[in-house]
Amino acid sequence: MLCRLGRLSLTLTKSEITMKRLKIALFTIGILLAFPALAEIPFFGSLKVGTSFLDWEGLESNDLYLAIGVGVEIDPFLRIEIGYEDYGKISGVYREGFTSGSNVGLVEADGWYLVYVPRFQLSDNWTFEPTVGVVYTESFAGPTFHHSGTDQFSDKDWRFRFGVEVAYSIAENASIGIGYVELDIGRASVHALFASLKYEF
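Since we're looking at a predicted model, the values are computed, not measured.

What counts and what doesn't
- Residues numbered from 1 in each chain as written.
- Predicted model: local features only at pLDDT ≥ 70, side-chain atom pairs only at ≥ 80, totals over all residues.
- Heavy atoms only, no water.
- Helix = DSSP H or I, 4+ residues; strand = E, 2+ residues; numbered from the N terminus.
- Contact = heavy atoms within 4.5 Å.
- Core = buried A, V, L, I, M, F, W, Y, C linked by side-chain atoms within 4.5 Å.
- Buried < 20%, exposed > 50% of the residue type's maximum accessible area, 1.4 Å probe, protein only.
- Phe/Tyr/Trp six-rings, centres within 6.5 Å; stacked < 30°, edge-to-face > 60°.
- Lys NZ or Arg CZ within 6 Å of the ring centre and 35° of its normal.

**Student:** Kindly report on the overall build of the protein, identifying the contributing residues and their values.
**Tutor:** A tally of helices and strands in the protein yields two helices and eleven strands. Each helix and strand of the protein, placed in order from N terminus to C terminus, yields the pattern α-α-β-β-β-β-β-β-β-β-β-β-β. Pairs at least 24 apart in sequence give 61% of the contacts found in the protein among residues at least 6 apart.

**Student:** Outline the nonpolar core, supporting the account with residue identities and numerical values.
**Tutor:** Counting residues in each nonpolar core, the largest one holds 19 residues, and the members touching the most others are Tyr65, Tyr87, Val107, Val181, Leu183, Ile185 and Val190. Sorting the residues of this core by element identifies strand 3 (63-75), strand 4 (78-95), strand 5 (102-116), strand 8 (131-143), strand 10 (174-184) and strand 11 (189-200) as the ones contributing at least two each. For this core, the element with the highest residue contribution is strand 5, accounting for four residues. Residue contacts for Tyr65: discarding those within four places in its chain leaves Lys48, Val49, Gly50, Thr51, Ser52, Glu85, Asp86, Tyr87, Arg161, Val181, Ala192 and Phe194.

**Student:** Would you mind going over the environment of Leu106 in detail, with residue names and values included?
**Tutor:** With respect to the helices and strands, the residue Leu106 is situated in strand 5. The exposure class assigned to Leu106 is buried, which follows from its relative accessible area of 13%. Distance in space between the C-alpha atoms of Leu106 and Leu54 is 9.8 Å, their sequence separation being 52 residues.

**Student:** I'd like a rundown of the packing of aromatic side chains, residues and numbers included.
**Tutor:** If you walk through the whole model with that rule in mind, you get ten aromatic pairs. Each ring, one from Phe43 and one from Phe201, has its centre 4.9 Å from the other, and the planes form 15°; the classification is stacked. Of this pair, Phe43 sits in strand 1 (residues 43-54) while Phe201 sits in the segment after strand 11, placing them 158 residues apart in sequence. Relative accessible area serves as the criterion here: at 11%, Phe43 is assigned to the buried category. When the ring of Phe77 is compared with that of Phe120, the centres are 5.4 Å apart and the planes differ by 65°; the resulting orientation is edge-to-face. One end of the pair, Phe77, is in the loop between strand 3 and strand 4; the other, Phe120, is in strand 6 (residues 120-121), and 43 residues separate them in sequence. Phe77 sits in the partly exposed class, given a relative accessible area of 49%. Among the aromatic residues, ring-to-ring pairing joins Phe43, Tyr199 and Phe201 into one connected group. Over the face of the ring belonging to Phe44 we find Arg79, whose NZ or CZ atom lies 4.5 Å from the ring centre. Looking at Arg161, its charged tip hangs above the ring of Tyr113, at a distance of 4.8 Å from the centre.

Right under this line is the structure:
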């Protein structure tokens, strides 16, 4: 019964991205776009949309992954990107700390990221772009219903993030790609598969 209530709660809040978060992200990206332009440094913008998931024992539901960022490129091996990403709310089955039972838990995470993104040219149109960096994230992990145990976790901190992406050039300054990203929030690792669009200015 409790699991059903947890699933109902997740259905009501699925893909919930508030207008406040979107306004903050768009406002910040607008400011960031202005700085490289003034300095006449080559820069790029990126948009990533996909699905997020957990590495727990079982997946109950996933959610929308959204990231928007801007980066500077000194050369293909010296590229830095900053932006905002939201992994949404994801639920899964996990093993409780001091019991042999399992529980349905909820994880949510979002924050501002800073990553190093070197670009390796595979051919005229294909590139490989690994990413490694940090996210200042606000995250939560715990049961989907009221629980008196100690399995709940909530934090605001810098967390490690890494990923990979393969991109294909569709125009002189534009590319599309697919990729994977993982964020370690301590209590759990959050993953996402995404499609991307990048434009170089």
